[in-house]
Amino acid sequence: MEKGSAEPDVAQCHANLARGQFGAFIAIESIRLAQVSRKAEVDLAWRPTCNGSLKHLETNMHRSSRNKDGVTLGAAALAALFSLVGCGGSDGGTAAIDVPKALTCDDSIKTSFKPDELTSVLLVRSFKKGDPLLSPNAFDPNPVALNDLCLVKLLVGPGNPGPADAPSTSPGIGIEVWLPAKNRWNGRFHATGNGGWAGSEESDVMRNGSSAVGNDYRFAAAIAGSEGSVTASADNGHQSGPGVQSNMNGSFAMNPDGTINTTLWKDFSERSLHELAIKTKALTAAYYGSAPKFSYWDGGSTGGRQALKLAQAYPEDFDGIISGFPAINWSRFSTAAIFPQVVMQRDLGGSRLTAGQLDLVSNAAINACDVVGGQHLGYVPDATACAYDPAKDAQVICHANGGSNSTPTCVTPVQANAINKMWYGQTTDGSVPSPALDNGLSTNLTGLQRWYGVTRGTSLLGLAGDQPSLIALHHVAVELQDSRLADPSFRNARGNGADGWKQLTYPQLSDAFDRGIALQASFADIDTDNPDLSAFKARGGKLLHYHGESDQVIMPFGSVNYYNRVASRMGGFSEIQDFYRFYLIPGMGHGPVNGTSNPAANPPLPAPGQIYDLITDWVEKGIVPDRINLSSQSSTPVSKSRPICPYPKKATYVQGDANIAASYNCI
């Protein structure tokens, strides 16, 4: 290789690559190969102008290396690479390369886009503005294209072979990519996460995927149409059938013989996320002729867990990551989510508490803990400060049991104590300490407490309602490898679910908790609780994590626990807040909704797109999120606003109207 003028060209290529944030699939490989060419003088045709025969370069790339997933870069990807790096000579000229034409939105993509031998194109379809989309979704019965769009559905193998009717059988990972018109693309890649067990419609050529972002429940097609971003979602490696409710079924996680389906656990936990990233970036580069300038992951619940998995395991894939109300600590929280139901089976003889009873006690907790500046907010502003004990509140205890409540929704002392157990969280033996001594929300778990409960004032109907959380119940069946423990919707050749969970004792549920932890290798580390985010920090990534304190499904203090562990691992809060910020949102449920038992709570919540704007400003402009002011979605009974503060700071009342953000400081 010549010296002198050739060296700055390679350096410029590197700089352009870095600016493009093209970490996965192309940039890592090209940078590595460029370094190899300089150190080992491998003939990659890096001439002073970065010119060279595409065929010659590709031949040598094929011969010299494959990327870490064993995927050889093809001609289309290489063409995008040269477009991205802007390799030109010192005279500013462009490289004389035989670059293939950019892809067009038609069936030619099925033959032109071949990133590797495991990937096939299932569907290419063009939509004009106003055209009806393939299928309705949970939030829009008649969705239309908001602008001109190109839909490409991919299938990434190898999947998992098996009987055709077995839930554990899968052809592979379905990926759905929405490409805005070429003159409307904003240069961003905005991926969406999943909910529950996923298994959505990305590989179904007759339907749109039902994966949505966490902050405002927009589906991928709506994001692409409104923002002009490339969007993508995946089914995470299995197909549960159409509709949002399909994400509640975990039957795929167990093989027909009752063993753990490690192949699809791997796809579900992490591989599908990385495949979505690298395949969407490759398709984007081939379609537009340049790679995304910025890539973002935006997910809530399972999508929030996926967000943290990407930061932990694939730090190069995304520049900015939003993790909303994440389903991290998956095995722990799933097992603990069954605890309220086991409490009613063991302590109350299988008699369920009614919705009226649950709401009576929860609203009493709010009334006892929501006063700020002499005003009742209608929601609990700080769950850690609430130690309400219904067993000592005569106003909720039935008159026949020494209380003053004579309504049908009154509770007995035993029922009141059962609710205390639900708030405290799972214990090894079903015991619960006095709330005055321990309300269950310590940063670190101690004593007999296995995991957290939902916070006081949160609606208990999510976990203590008419049926257990099916997502959680199916996981318990898998970790104990007994399909009969699940409800009848769980299908397995050895026997479908038969509600065997009703016979579980406290020690047996505690054993399930331990089994879930012990099986993390088989579950592909589904708990997603690795506190080492040093690689993500080093690559310049930014991470926004938020969780509602009144999440009815996933215990919010699991997020608190994780953030504290990250801080402890990486040198303290000051060492992580330059790239990772965490916010608790009082009153918010599982998503940007009122999660309390009080329908009139009207808590301040993130506005649609508010969190996404914060992460893009942080990544692209260097504006670090700090105090964030939220507003309520309604003016009934009164409009409210409130700041949320980067943990461990809290919104502290100073003076004035407690329902106005200006009355608080972050301290």
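Please refer to the structure higher up on the page.
Keep in mind that what you see is a predicted model, and the values were worked out from it rather than measured. (Residues numbered from 1 in each chain as written. Predicted model: local features only at pLDDT ≥ 70, side-chain atom pairs only at ≥ 80, totals over all residues. Heavy atoms only, no water.)

Chemist: Now, about the overall build of the protein: what can you tell me, with residues and values included?
Modeler: Across its full length, the protein carries 19 helices and 16 strands. Every one of the 667 residues in the protein was classed for burial, and the buried ones make up 59%. Contacts in the protein between residues far apart in sequence, at least 24 positions, make up 70% of those at least 6 positions apart. For the protein, the accessible area works out to roughly 24200 Å², and carbon and sulfur atoms hold 52% of it. (Helix = DSSP H or I, 4+ residues; strand = E, 2+ residues; numbered from the N terminus. Buried < 20%, exposed > 50% of the residue type's maximum accessible area, 1.4 Å probe, protein only. Contact = heavy atoms within 4.5 Å. Areas by Shrake-Rupley, 256 points an atom, 1.4 Å probe, with all protein chains shown as cover.)

Chemist: Which residues make up the side chain of T458, and what values do they have?
Modeler: Within the secondary structure, T458 is located in the loop between α12 (413–424) and α13 (461–464). By relative accessible area, which is 0% here, T458 ends up buried. A polar side-chain atom of T458 sits 2.8 Å from a polar atom in the side chain of T455. Within the structure, T458 has its side chain in polar contact with the side chain of S550 (distance 3.5 Å). Those residues in contact with T458, other than ones at most four positions away along the chain, are S362, E549, S550, D551, Q552, G595, T596 and S597. (Polar contact = N/O pair within 3.5 Å; in protein donor to acceptor, adjacent residues only side chain to side chain.)

Chemist: Any chance you could break down the pattern of salt bridges for me, citing the residues and the numbers?
Modeler: Enumeration according to the criterion identifies 23 salt bridges in this entry. For the salt bridge of E620 with R188, the shortest nitrogen-to-oxygen distance reads 2.9 Å. Taken together, the residues E620 in helix α19 (residues 610–621) and R188 in strand β4 (residues 188–192) connect sequence positions 432 residues apart. Of the residues examined, E620 reaches a relative accessible area of 29% and is grouped as partly exposed. Taking the shortest distance from any N to any O, the salt bridge between K421 and D347 comes out at 2.5 Å. Of this pair, K421 sits in helix α12 while D347 sits in helix α10 (residues 339–347); the two residues are 74 residues apart in sequence, bridging distant segments of the chain. (Salt bridge = Lys/Arg side-chain N within 4 Å of Asp/Glu carboxyl O.)

Chemist: Could you give an account of the state of the cysteines, naming the residues involved and the relevant values?
Modeler: If you walk through the whole model with that rule in mind, you get four disulfides. Here C105 pairs with C150 through a disulfide, and the sulfurs are 2.2 Å apart. Because the torsion about its S-S bond is 95°, the bridge between C105 and C150 counts as right-handed. Taken together, the positions of C105 in the loop between α4 (75–85) and α5 (108–112) and C150 in strand β2 (residues 149–156) put the pair 45 residues apart, joining distant regions of the chain. On the basis of relative accessible area, C105 is assigned to the partly exposed category, the value being 21%. One disulfide bridge connects C398 with C410, the sulfur atoms lying 2.0 Å from each other. One quick way to see it: the torsion about the S-S bond of C398 and C410 is about 95°, and its sign makes the bridge right-handed. With a gap of twelve residues between them, C398 in the loop between β9 (375–376) and α12 and C410 in the loop between β9 and α12 connect regions that are remote in the sequence. Here the two residues C398 and C410 agree in accessibility, since each one is buried. (Disulfide = S-S within 2.5 Å.)

Chemist: Summarise unusual backbone geometry; cite the residues concerned and give the values.
Modeler: Between G157 and the following residue, P158, the backbone shows a cis peptide bond with an omega angle of 5°. Its location among the elements puts P158 in the loop between β2 and β3 (173–180). In this chain, T636 is followed by P637 through a cis amide linkage whose omega measures 0°. As for its position among the elements, P637 is in the loop between β13 (628–632) and β14 (641–644). Even without a glycine there, the phi angle at N236 is positive, about 70°. When you line up the elements, N236 lands in the loop between β5 (230–234) and α7 (262–288). The class of N236 is buried, set by a relative accessible area of 0%.

Chemist: Can you tell me about the packing of aromatic side chains, naming the residues and giving the values?
Modeler: Per the stated rule, a full pass over the model turns up 29 aromatic pairs. A ring pair is formed by F325 and Y546, whose centres lie 6.0 Å apart and whose planes are at 80°; its orientation type is edge-to-face. On the criterion of sequence distance, the pair formed by F325 in the loop between β7 (320–324) and α9 (330–337) and Y546 in strand β10 (residues 542–548) is long-range, its members being 221 residues apart. The two residues F325 and Y546 agree in class, both being buried. Through a chain of ring-to-ring contacts, three or more aromatic side chains come together here, namely W197, F252, W265, F268, W330, F333 and F523. Over the aromatic face of Y287 sits the side chain of K182, whose NZ or CZ is 4.4 Å from the ring centroid. Here R642 stacks its cationic end above the ring of Y664, 4.8 Å away from the centre of that ring. (Phe/Tyr/Trp six-rings, centres within 6.5 Å; stacked < 30°, edge-to-face > 60°. Lys NZ or Arg CZ within 6 Å of the ring centre and 35° of its normal.)

Chemist: Requested: an account of the packing of α9 against helix α15 (residues 506–518), with residues and values cited.
Modeler: Close contact between α9 and α15 brings their axes to 9 Å; oriented N to C, the two are set at 165°. Considering the angle they form, α9 stands roughly antiparallel to α15. Pair α9 / α15 crosses with right-handed handedness. Contacts from S331, R332 and T335 of α9 reach α15 at L509, A512, F513, G516 and I517. (Axes fitted to C-alpha atoms, helices over the stretch in contact; angles between N-to-C directions. Parallel < 35°, antiparallel > 145°, perpendicular 65-115°, else oblique. Left-handed = near helix turned anticlockwise from the far one by under 90°.)

Chemist: Could you give an account of the pairing of β2, naming the residues involved and the relevant values?
Modeler: The buried count for β2 comes to eight of eight residues, which makes it a mostly enclosed element. Burial along β2 is two-sided: L149, L151, K153 and L155 facing one way and C150, V152, L154 and V156 facing the other are all buried. Bridging between β2 and β3 involves eight bridges; their strand directions are antiparallel. By the bridge assignment for β3, L149 is matched with P180. (Pairing = 2+ DSSP bridges.)

Chemist: Explain the nonpolar core to me, and be specific about the residues and the numbers.
Modeler: Formed by 117 residues in total, the largest nonpolar core has its most connected members in W265 and Y580. Looking at which element gives the most residues to this core, the answer is α7, with eleven residues. Residue contacts for Y580: discarding those within four places in its chain leaves L308, L533, L543, H545, Y562, Y563, V566 and W618. Grouped together as the second largest cluster of nonpolar side chains are 16 residues, Y296, I322, L544 and L605 included. (Core = buried A, V, L, I, M, F, W, Y, C linked by side-chain atoms within 4.5 Å.)

Chemist: Just give me the short version of α9, but keep the residues and values in it.
Modeler: Among the eight residues of α9, eight are classified as buried, and the element is accordingly described as predominantly covered. All of the buried residues in α9 are W330, S331, R332, F333, S334, T335, A336 and A337. Each element contacted by the buried residues of α9 is listed here: α7, α8 (302–313), α10, α13, α14 (470–479) and α15.

Chemist: Report on the side chain of D267, specifying residues and quantitative values.
Modeler: Secondary-structure assignment places D267 in helix α7. Ignoring any residue separated from it by four or fewer positions in sequence, one finds D267 in contact with I173, N236, G237 and S272.

Chemist: Go over the sheet that holds β14 with me, naming the residues and quoting the values.
Modeler: Across the sheet, three strands lie side by side as β12-β13-β14; this open sheet has antiparallel pairing. Every interior strand has two partners, whereas the edge strands, β12 (604–605) and β14, have only one. With two bridges joining them, β12 and β13 adopt antiparallel strand pairing. The partner of P604 across the bridge, within β13, is S632.

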